[in-house]
Amino acid sequence: MNPSEPDPRAGADSEAGIEAVVAPHLRALRRRASLTLEAAARAAGLSPAHLSRLETGQRQPSLPMLLALARIYGTTVSELLGETAADRDAVVRAADMEPTAAGGWTYWQAGAPGRGMQALRVHVPYGSQGDIVRVHPGEEWLHVLKGRLLLRLGDTAHRLGPGDSAHFDSLNPHRIAARDPDGVELLFVHTLLQSPTATLCLGPTTGETP
C-alpha cells in the first residue's frame, strides 16, 4: 500500500472504537437511571433488541439516538461518549434556591442538576395527592421537616412526623398527603430521570387537581 494513501481500515477501526467506548456507558447510565431495557427503548423510540445491540457494541448509535438517550438518562452526549464532565458545584446556597410553584405545591432545588439523583425541599399543601397513586422505576427517600405526613405504600399507611424518614422502591405503589392544615415540609430525594421536561413524581400532574 502507498504510504500516502489513507488506510481503508482506519475508518472501520475508528467506528469500532466509538462502539467500544459508548456501549458500556449506555448500559451504566440506563442502570443509574433505574430503567429497564424495555422502558428506555420505548422512551427513545427504539426496539429493546436495537438498544441491546447498542449496549453490547454490536451497533453504532447515530447522533439523534445519542441525543435522545442523553435526554432520557439525564446526561450529555459527552458523558455517553466517555468524556470527563466538568466539575459541578457541590454546594447549593440557600439564596440560589428559587421556589417553583405547581398545583399548590412548592419546590426548591436542593441539589445540582444532571446528577443520578434529584434532591428537593418540598412544601405539600393540606390533603394534596391523597388519591394520586404513583408507580415508576427508581427509589425515593423523604424526611419530614415540619408538619405531619400520611404515606401509603401499597396497602399499608404510615404516619410520619418531624424527624421521621422513609426510603422505598418507587415500583411500590405510593401516595402522600399532608395531615395538617398548614401542610408539611419535606426533604425529598429520588432517582427519576433528570431533564428539563422530567415530570416530578410529587404533586399533581397535567389535568389533575390537588
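Given the structure is predicted, the values throughout are model-derived calculations rather than measurements.

K.L.:
Lay out the sheet that holds strand S7 (residues 165-169) with the relevant residues and their values.
P.N.:
As summarised here, the arrangement of the six strands in space is S1-S2-S3-S9-S4-S7, forming an open sheet in which the pairing is antiparallel. Every interior strand has two partners, whereas the edge strands, strand S1 (99-102) and S7, have only one. Each strand of the sheet is rotated relative to its neighbour by a mean of 25 degrees, with strand direction disregarded. In this structure, strand S4 (residues 139-146) lies alongside strand S9 (residues 184-190), joined through six bridges in antiparallel fashion. Looking across to S9, one finds that His 143 is bridged to Leu 187.

K.L.:
Give me helix H3 (residues 48-55): which residues, what numbers.
P.N.:
Given 3.6 residues per helical turn, the α-helix brings residues three or four places apart onto the same face. Those residues of H3 lying buried are His 50, Leu 51, Leu 54 and Glu 55. Considered in projection along H3, the buried side chains sweep an arc of 140 degrees and stay on one side of the axis. Looking at the residues trailing H3, positive phi occurs at Gly 57, about 80 degrees.

K.L.:
Mind laying out the environment of His 25, listing which residues take part and the relevant values?
P.N.:
Examined against the element boundaries, His 25 turns out to sit in helix H1 (residues 8-32). Put simply, His 25 and Leu 81 are 56 residues apart on the chain and 7.3 Å apart in space, counted from C-alpha to C-alpha.

K.L.:
Which residues make up helix H4 (residues 63-73), and what values do they have?
P.N.:
The complete set of buried residues in H4 reads Met 65, Leu 66, Leu 69, Ala 70, Ile 72 and Tyr 73. Seen along its axis, H4 keeps its buried residues to an arc of 165 degrees; they face one direction. When the buried face of H4 is taken as reference, the exposed residues oriented beyond 90 degrees from it are Leu 63 and Pro 64. Gly 74 lies just past H4 and shows a positive phi near 65 degrees.

About the thresholds
- Residues numbered from 1 in each chain as written.
- Predicted model: local features only at pLDDT ≥ 70, side-chain atom pairs only at ≥ 80, totals over all residues.
- Heavy atoms only, no water.
- Pairing = 2+ DSSP bridges.
- Helix = DSSP H or I, 4+ residues; strand = E, 2+ residues; numbered from the N terminus.
- Axes fitted to C-alpha atoms, helices over the stretch in contact; angles between N-to-C directions.
- Buried < 20%, exposed > 50% of the residue type's maximum accessible area, 1.4 Å probe, protein only.
- Arc of directions from axis to C-beta.

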